[in-house]
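Descriptive structure summary
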Amino acid sequence: MNQELKGDVLLSIYDRLAQRSQSTPVTYILIALNVLIFVAMLVGGAGFWHSPNDVQLRWGANFGPATQDGEWWRLGTAMFLHFGVMHLLLNSLSLWDAGQLVERMYGRWRFVTIYLIAGLCGNLLSLVIQGNNAVSGGASGAIFGIYGAALIFLWRERAAIAPHEFRWLFGGGSVFAVITIILGFVIPGIDNAAHIGGFIAGSLMSIGLAQSLTARVMPLQYRGMAIAGLVLACLVLANNIPKPKYRWSDELLLRSEISAFLYENQAINRSWLEIVHESKQGNQSFDALASKIDFSILQPYQAHLEKLSKLPHDPALPSAQQLEGLLQYTETRKKESEALVQGLRQQQKRAKPSSP
């Protein structure tokens, strides 16, 4: 019996886990999903090395004004978006390295649950810390969650793992997590809040969903405390999300109407060039030219001015300054058109011969 136990202890943790599960399909599915979404984004106009924030937002990145404007699904979709090929490559390698191990440690359904909950909680903490100031996305929060789950499992099974193997796995995972988080405080552009939130959530979820090889079964009260602690932390975070600086739906409305105006303004300018050309030909009366300017220039600008004036005028909106510029432009063109129409009609009156 002692000899068998000794043999078990000497058996590599990799071999033990391989006996539990020969394949890790969920890890490969998650990697493939990240890659496929990245390829789809490239086809949709994203950059290979870096994607602009506008592209990420269209695909579901996490951003305070958008997420809090009824688009809470962004906490989930942001997990599968990457800002460039290097971002995707680093996350995919980390997921491939740790995911296979954790999938065998906890089983497929527990693994995917830890992954998704960690990603959601990481994005929630990111929303609290920098929601109004940054557009965020990436699988790193979820990946940090599975690193946390791996460390919890290794620590609980440490008595059954060869010392050198435990030092390599537990020490390496700990060093990776600590160094990455430290770099997140030093290097701009890294969503460290998602890393920290994902790591804590993954660790707590792994306690709640604890699996064992040789360690004592996790007491039910510890599992319940871990899940309850995570739920309570999420409620506290949700209650402390900073108020968005503006409504995302208002910004989208402004962008849509501004884009429509710029497109239609091109048609108005073409009409103006045609009227100028006709006036040079000398075949049109002043009254006819005035009528064309009234119909093709003045009335469209009057309609656009009324429409643009009804749009939200929140100065915090990113497009607010552009809207104000277009309002001034439209008002100026309308007044110029009015003056021109009046001037032409006055010339038409003066040009008529007096009655005898």
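Nothing here was measured: the structure is a model prediction, and the numbers come from that model.

Digging into the overall build of the protein chain
- When its secondary structure is counted, the protein chain shows 15 helices and zero strands.
- Against the 2.2 N^0.38 benchmark of 21 Å for 356 residues, the protein chain shows a C-alpha radius of gyration of 32 Å, more extended than a compact globule.
- With the C-alpha coordinates aligned to their principal axes, the bounding extent of the protein chain is approximately 135 × 35 × 35 Å.
- With 356 residues in all, the protein chain has 44% of them scored as buried.
- Nonlocal contacts in the protein chain, meaning residues at least 24 apart in sequence, comprise 79% of its contacts between residues at least 6 apart.
- Summed over its atoms, the accessible surface of the protein chain is roughly 19200 Å², and 63% of this surface lies on carbon and sulfur atoms.
- One way to put it: in the protein chain the 29 positive side-chain charges average out to a point 3 Å from where the 25 negative ones average out.

What about the nonpolar core?
- Ranked by size, the top nonpolar core spans 40 residues in total, and within it Leu 30, Leu 95, Val 102, Met 105, Tyr 106, Tyr 115 and Ile 146 carry the most contacts.
- At the level of elements, α2 (13-20), α3 (25-43), α7 (85-106), α8 (108-130), α9 (140-156), α10 (163-186), α11 (192-208) and α12 (220-239) are the ones that each hand at least two residues to this core.
- If one sorts the elements of this core by residue count, α8 sits on top with nine residues.
- Sequence-distant contacts of Val 102, defined by excluding residues within four places in its chain, comprise Gly 107, Phe 111, Ile 146, Ala 149 and Ala 150.
- The next biggest cluster of nonpolar side chains, apart from the first, holds 32 residues, and it includes Met 41, Ala 61, Ile 297 and Leu 327.

Thoughts on a nonpolar patch on the surface
- A cluster of nonpolar side chains, Val 175, Val 178, Ile 179, Ile 182, Leu 183, Phe 185, Val 186 and Ile 187, forms an exposed patch at the surface whose accessible area comes to about 770 Å².
- The topology assignment puts Ile 182 in helix α10.

Topic: the environment of Ser 319
- In this structure, Ser 319 sits in the loop between α14 (286-309) and α15 (320-351).
- Taking the relative accessible area as the measure of exposure, Ser 319 reaches 7% and is therefore buried.
- A sequence separation of 67 residues divides Ser 319 from Leu 252, and the C-alpha atoms of the two residues are 9.1 Å apart.
- Setting aside residues up to four positions removed in sequence, Ser 319 forms contacts with Glu 251, Leu 254, Arg 255 and Ile 258.
- Within the structure, Ser 319 has its side chain in polar contact with the side chain of Glu 251 (distance 2.6 Å).

Examining the side chain of Ser 51
- With respect to the element layout, Ser 51 can be found in the loop between α3 and α4 (53-59).
- Take Ser 51: its relative accessible area is 0%, and that puts it in the buried class.
- Looking at Ser 51, its side chain comes within polar contact range of the main-chain nitrogen of Gly 47, at 3.3 Å.
- With near-sequence residues (within four places) excluded, Ser 51 lies in contact with Ala 46, Gln 56, His 82 and Phe 83.

Digging into the pattern of salt bridges
- What the rule picks out here adds up to 10 salt bridges.
- As a salt-bridge pair, Arg 345 and Asp 287 come within 3.9 Å of each other at their nearest N and O atoms. In this pair, Arg 345 is assigned in helix α15 and Asp 287 in helix α14, connecting sequence segments 58 residues apart.
- Judged by its relative accessible area of 31%, Arg 345 falls in the partly exposed class.
- Judged by its relative accessible area of 35%, Asp 287 falls in the partly exposed class.
- Close ionic contact of Glu 336 with Arg 333 constitutes a salt bridge, the shortest N to O distance being 3.9 Å. Residue Glu 336 and its partner Arg 333 are located together in helix α15, separated by three residues, close to a single helical turn.
- A relative accessible area of 46% means that Glu 336 is categorised as partly exposed.
- On the accessibility criterion, Arg 333 (16% relative accessible area) is buried.

Remarks on the confidence of the model for the protein chain
- Per-residue confidence for the protein chain gives a mean pLDDT of 88; residues scoring 70 or more make up 96%.
- Per-element confidence in the protein chain is highest for helix α6 (residues 74-77), whose mean pLDDT is 96, and lowest for helix α1 (residues 2-10), whose mean pLDDT is 43.
- Here residues 1-9 scores under 50 on pLDDT; set against residues more than four positions off or in separate chains, the count is five contacts.

Topic: helix α13 (residues 248-281)
- In this model, α13 (34 residues) spans 50 Å end to end at C-alpha, consistent with the 50 Å of a helix rising 1.5 Å per residue.
- Among all positions of α13, only Trp 248, Asp 250, Glu 251, Leu 254, Glu 257, Ile 258, Phe 261, Asn 265, Ile 268 and Ile 275 are buried.
- At the exit of α13 stands Gly 282, carrying a positive phi of roughly 75°.

Some points on the packing of α3 against α8
- Here α3 crosses α8 at 35°, and the two axes come no closer than 9 Å. From α3, Pro 25, Val 26, Thr 27, Leu 30 and Asn 34 reach across to α8, where they touch Arg 108, Phe 111, Val 112 and Tyr 115.
- When grouped by side-chain class, the residues that make up the contact of α3 with α8 number six nonpolar, two polar and one charged.

How each quantity is defined
- Counting restarts for each chain, with residues numbered from 1 along the sequence as it is written.
- Side-chain atom pairs in this predicted model are given and counted only at pLDDT of 80 or more, local residue features only at pLDDT of at least 70, and totals for whole chains, interfaces and linings cover all residues.
- For the side-chain quantities, the full set of heavy atoms in the structure was used; hydrogens and water were omitted.
- In this text, helices come from DSSP runs of H or I with a minimum length of four residues, and strands from runs of E with a minimum of two, each type numbered from the N-terminal end.
- Computation of the radius of gyration draws on C-alpha atoms, with the globule rule given as 2.2 Å multiplied by the number of residues to the power 0.38.
- Only protein chains enter the calculation, and the probe is 1.4 Å; a residue is then buried if its accessible area is under 20% of its type maximum, exposed if over 50%, and partly exposed in between.
- Should any heavy atoms of two residues lie within 4.5 Å, those residues are considered in contact.
- Using a 1.4 Å probe, the Shrake-Rupley method yields the accessible areas, and only the shown protein chains count as cover for residues.
- The convention is simple: Lys and Arg are positive, Asp and Glu are negative, and His and the chain ends are not counted.
- In this description, the location of a charge corresponds to atom NZ of lysine, CZ of arginine, CG of aspartate or CD of glutamate.
- The nonpolar core is taken to be a set of buried Ala, Val, Leu, Ile, Met, Phe, Trp, Tyr and Cys residues, with the residues joined through side-chain atoms within 4.5 Å.
- A patch is a set of surface residues, each over 30% in relative accessible area and not in a salt bridge, joined within 9 Å for like charges and within 5 Å for the nonpolar side chains Val, Leu, Ile, Met, Phe, Trp and Tyr.
- One speaks of a salt bridge when a side-chain nitrogen belonging to Lys or Arg is within 4 Å of a carboxyl oxygen belonging to Asp or Glu.
- Under this definition, polar contacts are N or O atom pairs within 3.5 Å; protein pairs additionally need one hydrogen-donor-capable and one acceptor-capable atom, and for neighbouring residues in sequence, both atoms have to be side-chain atoms.
- For every residue, the pLDDT score states the predictor's confidence, bounded by 0 at the bottom and 100 at the top.
- For a helix, the expected span equals 1.5 Å multiplied by the number of residues minus one.
- Under this scheme, a helix contributes an axis fitted over its contacting stretch, all axes are lines through C-alpha atoms, and angles between N-to-C directions fall in the 0 to 180 degree range.
- Each residue gets one of three labels, nonpolar for Ala, Val, Leu, Ile, Met, Phe, Trp, Tyr, Cys and Pro, charged for Asp, Glu, Lys and Arg, and polar for the others, Gly among them.

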